[in-house]
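# Architecture and fold: a report
For reference, the chains in residue letters:
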Amino acid sequence: MILVTGATGNIGTALLRDLHLRGAAPVRGLTRDAGRAAFPEGIEAVEGDLAQPGSLKAALKGVRSLFLLPGMGAEQDVLAAARQAGVEHVVLVSSITVQTHPSLPAAGANLAVERLLKDSGMAWTILRPTQFASNTLWWAQSIREQGVVRAPYADIGLPAIHPADIAAVACAALTEPGHRGRTYALTGPERITVRRQVAAIAAALGREVALVEISRDEAHRQMAPFMGDETADAVLDLMGGDVNDELLTVRDTVPQVTGSPARSFQQWASENRAAFR
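As a starting point, this report considers the structure included with it. Computed from a predicted structure; not experimentally measured.

### Observations concerning the packing of aromatic side chains
Applying the stated criterion to the full structure yields two aromatic pairs. Taking the centre distance of 5.7 Å and the plane angle of 35 degrees together, the rings of Phe265 and Trp268 count as tilted. Of this pair, Phe265 and Trp268 both sit in helix α13 (residues 265–271), three residues apart, which is roughly one turn of that helix. Taken as a pair, Phe265 and Trp268 share a single burial class, namely buried. Measuring from centroid to centroid gives 6.1 Å for Trp268 and Phe276, while their planes differ by 75 degrees, and the two rings are edge-to-face. For Phe276, a relative accessible area of 1% puts it in the buried group. An aromatic cluster is built from Phe265, Trp268 and Phe276, whose rings are joined through pairwise contacts. Here Lys118 stacks its cationic end above the ring of Trp124, 4.8 Å away from the centre of that ring.

### A look at the nonpolar core
Counting residues in hydrophobic clusters, the biggest one holds 31 residues, and the most contacted among them are Val4, Leu15, Leu19, Val27, Phe67, Leu127 and Leu186. Taken together, the elements giving at least two residues each to this core come down to β1 (2–4), α1 (10–22), β5 (89–93), α7 (163–175), β9 (182–186) and α12 (253–258). The element that contributes the greatest number of residues to this core is α7, accounting for nine residues. Apart from residues lying up to four places away in sequence, Leu15 is in contact with Val4, Phe67, Ala167, Ala170, Cys171 and Leu174. Within the second largest apolar cluster, 21 residues are counted, among which are Ala59, Leu60, Leu79 and Ile126.

### Focus: the sheet that holds strand β3 (residues 44–47)
Spatially, the seven strands line up as an open sheet ordered β3-β2-β1-β4-β5-β6-β9, and their pairing is parallel. Unpaired on one side and paired on the other, β3 and β9 mark the two borders of the sheet. Averaged over all pairs of adjacent strands, the angle between strand axes in this sheet comes to 20 degrees, irrespective of strand direction. Pairing of strand β4 (residues 65–68) with β5 involves four bridges; the strand directions are parallel. Along β5, the bridge assignment pairs Leu68 with Leu92.

### So, α1
End to end, α1 covers 19 Å across 13 residues, agreeing with the expected 18 Å (1.5 Å per residue, within 8%). For α1, the full list of buried residues reads Ile11, Gly12, Ala14, Leu15, Leu16, Asp18 and Leu19. On its buried face, α1 sits against β1, β2 (27–31), β4, β5 and α7. Phi for Gly23, located one or two positions after α1, is positive at around 80 degrees.

### A word on the side chain of Thr136
Within the secondary structure, Thr136 sits in the loop between β6 (123–129) and α6 (140–146). Judged by its relative accessible area of 4%, Thr136 is buried. Once residues lying within four places of it in the same chain are set aside, the contact partners of Thr136 are Gln197, Ile201, Phe265, Trp268 and Phe276.

### Digging into the layout of surface pockets
Roughly 1000 Å³ of internal volume is contained in the largest pocket. Taken together, 37 residues form the lining of the largest pocket, with Ser95, Ala106, Asn110, Asn135 and Leu238 sitting closest to its centre. The set of elements that each furnish at least two residues to the lining of the largest pocket consists of α1, α5 (105–118) and α10 (229–241). The element that contributes the greatest number of residues to the lining of the largest pocket is α10, accounting for six residues.

What counts, and at which threshold
Residues numbered from 1 in each chain as written. Predicted model: local features only at pLDDT ≥ 70, side-chain atom pairs only at ≥ 80, totals over all residues. Heavy atoms only, no water. Phe/Tyr/Trp six-rings, centres within 6.5 Å; stacked < 30°, edge-to-face > 60°. Helix = DSSP H or I, 4+ residues; strand = E, 2+ residues; numbered from the N terminus. Buried < 20%, exposed > 50% of the residue type's maximum accessible area, 1.4 Å probe, protein only. Lys NZ or Arg CZ within 6 Å of the ring centre and 35° of its normal. Core = buried A, V, L, I, M, F, W, Y, C linked by side-chain atoms within 4.5 Å. Contact = heavy atoms within 4.5 Å. Pairing = 2+ DSSP bridges. Axes fitted to C-alpha atoms, helices over the stretch in contact; angles between N-to-C directions. Expected span 1.5 Å × (residues − 1). 1 Å grid on protein atoms, 1.4 Å probe; cavity = no way out; pocket = protein on both sides within 12 Å on 5 of 7 lines; lining within 4 Å. Points joined across faces, edges and corners; volume = space filled by probe spheres on them.

In short, geometric facts, not functional conclusions.
Here it is in structure tokens:
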């Protein structure tokens, strides 16, 4: 039995699809509302909340492999519940910032969860993805309503990753031998600037989308009300204010693990054009 947490999110949805296509069985998807879940045929929807580990007892029953998205703050208790339920292997989504920007608070939080997992007694595989291609959904409203993107650091390119490639690596780790005890840094196939991302979205839409480059201060003023000053500063550092060679490096981990080329940002934009219309 494989349990996928975050089953309705960008990674979880793709992972359930991959597991279904591979014929992995049985598989469960964790959701807060099983009645609203639209999972592939044969995937069992189970209710639970990672913020409330006590709610996971039924979901974890019989599970031997767990795909875990952290960030709810109760990871220590979730891992303890998994161990008690007999889970043998956990595939954890962490962040590449653990190695590129270890001083950031979010990186420290991810590293702490990695350590909890390694100390749990269960086998582990850790995934450290870079910036998600889906982060550009932040621009969706302004593209829909105004046909414009306002962003800083327009010509700094990061190797953004398609969430489905994170799912593909997770699927391999959950269903194939040889991945336990491994940590994988994951990126897309190339560095792609904000300017090229906007152009790719415009091409997918078949209409012009303007790019207005703004200062870091202006970007901070826009972001801070939604995520707080500290998080806004951290995000802006990762967008271009404090990039380093480690963050900019394009890695071949996705094709090495999955046997397929990493998906391009252009593919992600084409698949998600409806969000920007």
